[in-house]
Amino acid sequence: MNDSAYMAIALQLAEKGCGFTSPNPMVGAIIVKNGKIIGRGYHEKYGEAHAERNALTDCTENPKGATMYVTLEPCCHDGKQPPCVNAIIEAGIRRVVIGSGDPNPLVSGKGIEILRRQGVIVTEHILQEECTRLNEVFFHYIQTKRPFVVMKYAMTMDGKIATQTGISKWVTGETARRHVAMQRHRYTAIMAGTGTVLADDPLLTCRIDGGKNPIRIICDTTFCTPLTARVVSTAEQIPTIIATCSQDKKRRSLYEKKGCHILPVGEKNGHIDLEQLMDVLGQKQIDSILLEGGGTLNWSALSCGIVQKVQAYIAPKLFGGQTAKTPVEGLGVDSPTTAFRLKNSLFLRLGEDFLIESEVEQNVHRNC
């Protein structure tokens, strides 16, 4: 096996930490000696041992003189765990093969430099694109201090998210809905507007065995979310944030008694200032958001430039209806030349449905 093949195994290990390491990255590591894997590890949970130390602990024989494959540059600073470079050096690892560098200013190149100063051979950029993509959330958050936002919606082939009567259950099939549940596990928070709450009364939970429920964020400019809504009535069991511009203290106390956390945010163009909201949520270590809003909130999010990725689940159905809702509404663009442009699209078949996942080109169209 070559370096790429071993790194692919480390990537598979890293993925096991999905949903549990936030705001830290997912990292996998294996240790190879005399052509045999003698240790495997991954970052299993935020605050617990890192992949490199887990791989060393897992070794079936002395790792001295072995090669370590790790998907992200080893850390070199004290945080919740001691520096991984120290463990690597102390174990006598002869060579370290790294997938991608760590953008964290506390690490960024410093871990590699320390290893090389201690005589460790370092090889970089093996499956770099794959390793970076795995941690797109971490890379974005560490560099911007804002959440990575994924705008998700399900629609028919004629672009409708509900019928003309407002019924949206269900646009897609069970396989696609299971995939959505995995996204709710993957990302730290889920965000919707009051329109979605009023129309669907959703729980916005993960609903998979062993999965992690996301923190629920409701954008509610004027405190119009019903106190009987399921996101409110279950707020003591599942963390729920209501972002609002309202100064109504009496109304606020009613939500707080239900277990909701109230987050005051400034107003912009008659709605919540989404850019300010992203700054505040970033300060609370919310590194990623699955945006499951309606057409109005989706337009506002795109216009503000806070969306990094779009996930469009498409069902082979036609609803029709002049008044039937669409995924992105708002004012709309004036010309095809000013459209929001997407890139690096991936296509996935999910039962009878399809998922198109695309990155949003930044700074192309911004008018918050």
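Computed from a predicted structure; not experimentally measured.

About the cut-offs
- Residues numbered from 1 in each chain as written.
- Predicted model: local features only at pLDDT ≥ 70, side-chain atom pairs only at ≥ 80, totals over all residues.
- Heavy atoms only, no water.
- Pairing = 2+ DSSP bridges.
- Helix = DSSP H or I, 4+ residues; strand = E, 2+ residues; numbered from the N terminus.
- Axes fitted to C-alpha atoms, helices over the stretch in contact; angles between N-to-C directions.
- Core = buried A, V, L, I, M, F, W, Y, C linked by side-chain atoms within 4.5 Å.
- Buried < 20%, exposed > 50% of the residue type's maximum accessible area, 1.4 Å probe, protein only.
- Contact = heavy atoms within 4.5 Å.
- Expected span 1.5 Å × (residues − 1).
- Phe/Tyr/Trp six-rings, centres within 6.5 Å; stacked < 30°, edge-to-face > 60°.
- Lys NZ or Arg CZ within 6 Å of the ring centre and 35° of its normal.

(A) Structural view of the sheet that holds strand E1 (residues 28–33). Spatially, the five strands line up as an open sheet ordered E2-E1-E3-E4-E5, and their pairing is mixed. A single partner strand is all that each edge strand has here, and the edge strands are strand E2 (36–42) and strand E5 (121–123). Ignoring strand direction, the axes of neighbouring strands in this sheet form an average angle of 20 degrees. Pairing between strand E4 (residues 95–100) and E5: three bridges, direction parallel.

(B) Local environment of the pairing of E2. Here six bridges tie E1 to E2, and the two strands are oriented antiparallel to one another. By the bridge assignment, Ile30 is partnered in E2 with Arg40. Count of turn residues in the E1/E2 antiparallel hairpin: two residues, of which Asn34 carries a positive phi of about 55 degrees.

(C) Looking closely at the nonpolar core. Membership of the largest hydrophobic core comes to 33 residues, with the highest contact counts inside it found for Leu274, Leu277, Leu281, Ile289 and Val307. Listed by contribution, the elements that provide at least two residues to this core are strand E6 (148–156), strand E7 (189–193), strand E8 (215–219), strand E9 (240–244), helix H11 (274–283), strand E13 (288–291), helix H12 (295–304) and strand E14 (309–315). Tallying contributions element by element places H11 first for this core, with five residues. Among residues more than four places away in sequence, those in contact with Ile289 are Pro147, Phe148, Val149, Val150, Ala189, Ile190, Met191, Ile217, Met278 and Leu281. By size, the runner-up hydrophobic cluster in this structure holds 30 residues, among which are Ala51, Met68, Val70 and Ala87.

(D) Geometry of the environment of Gly193. Among the secondary structure elements, Gly193 is positioned in strand E7. Sequence separation between Gly193 and Asp220 is 27 residues; the distance between their C-alpha atoms is 6.3 Å. Those residues in contact with Gly193, other than ones at most four positions away along the chain, are Ile218, Cys219 and Leu297.

(E) Main features of unusual backbone geometry. Note the cis peptide between Ser22 and Pro23, where omega equals 5 degrees. Summarising the element assignment, Pro23 is placed in the loop between helix H1 (3–15) and E1. One non-glycine residue, Leu127, lies in positive phi territory at about 50 degrees. With respect to the helices, strands and loops of the structure, Leu127 is situated in the loop between E5 and helix H5 (128–134).

(F) Broad picture of the sheet that holds E13. Spatially, the nine strands line up as an open sheet ordered E10-E9-E8-E7-E13-E6-E14-E16-E15, and their pairing is mixed. Every interior strand has two partners, whereas the edge strands, strand E10 (261–264) and strand E15 (342–350), have only one. Along the sheet, successive strands turn relative to each other by an average axial angle of 20 degrees, direction set aside. Here helix H7 (residues 174–186) sits on the sheet and contacts E6, E7, E13, E14, E15 and strand E16 (353–360); the angle it forms with E14, its principal contact strand, is near 160 degrees.

(G) Quick look at H1. Compared with the 18 Å implied by 1.5 Å per residue over 13 residues, the 19 Å span of H1 between its first and last C-alpha is a close match. On its buried side, H1 packs onto E1, E2, strand E3 (67–72), E4, E5 and H5.

(H) Representation of the packing of aromatic side chains within the structure. With the rule as written, the count across this model stands at four aromatic pairs. Between Phe138 and Phe139 the ring centres are 6.2 Å apart and the planes differ by 80 degrees, which places this aromatic pair in the edge-to-face class. Given a relative accessible area of 15%, Phe139 falls into the buried group. Here Arg177 stacks its cationic end above the ring of Trp170, 4.4 Å away from the centre of that ring.

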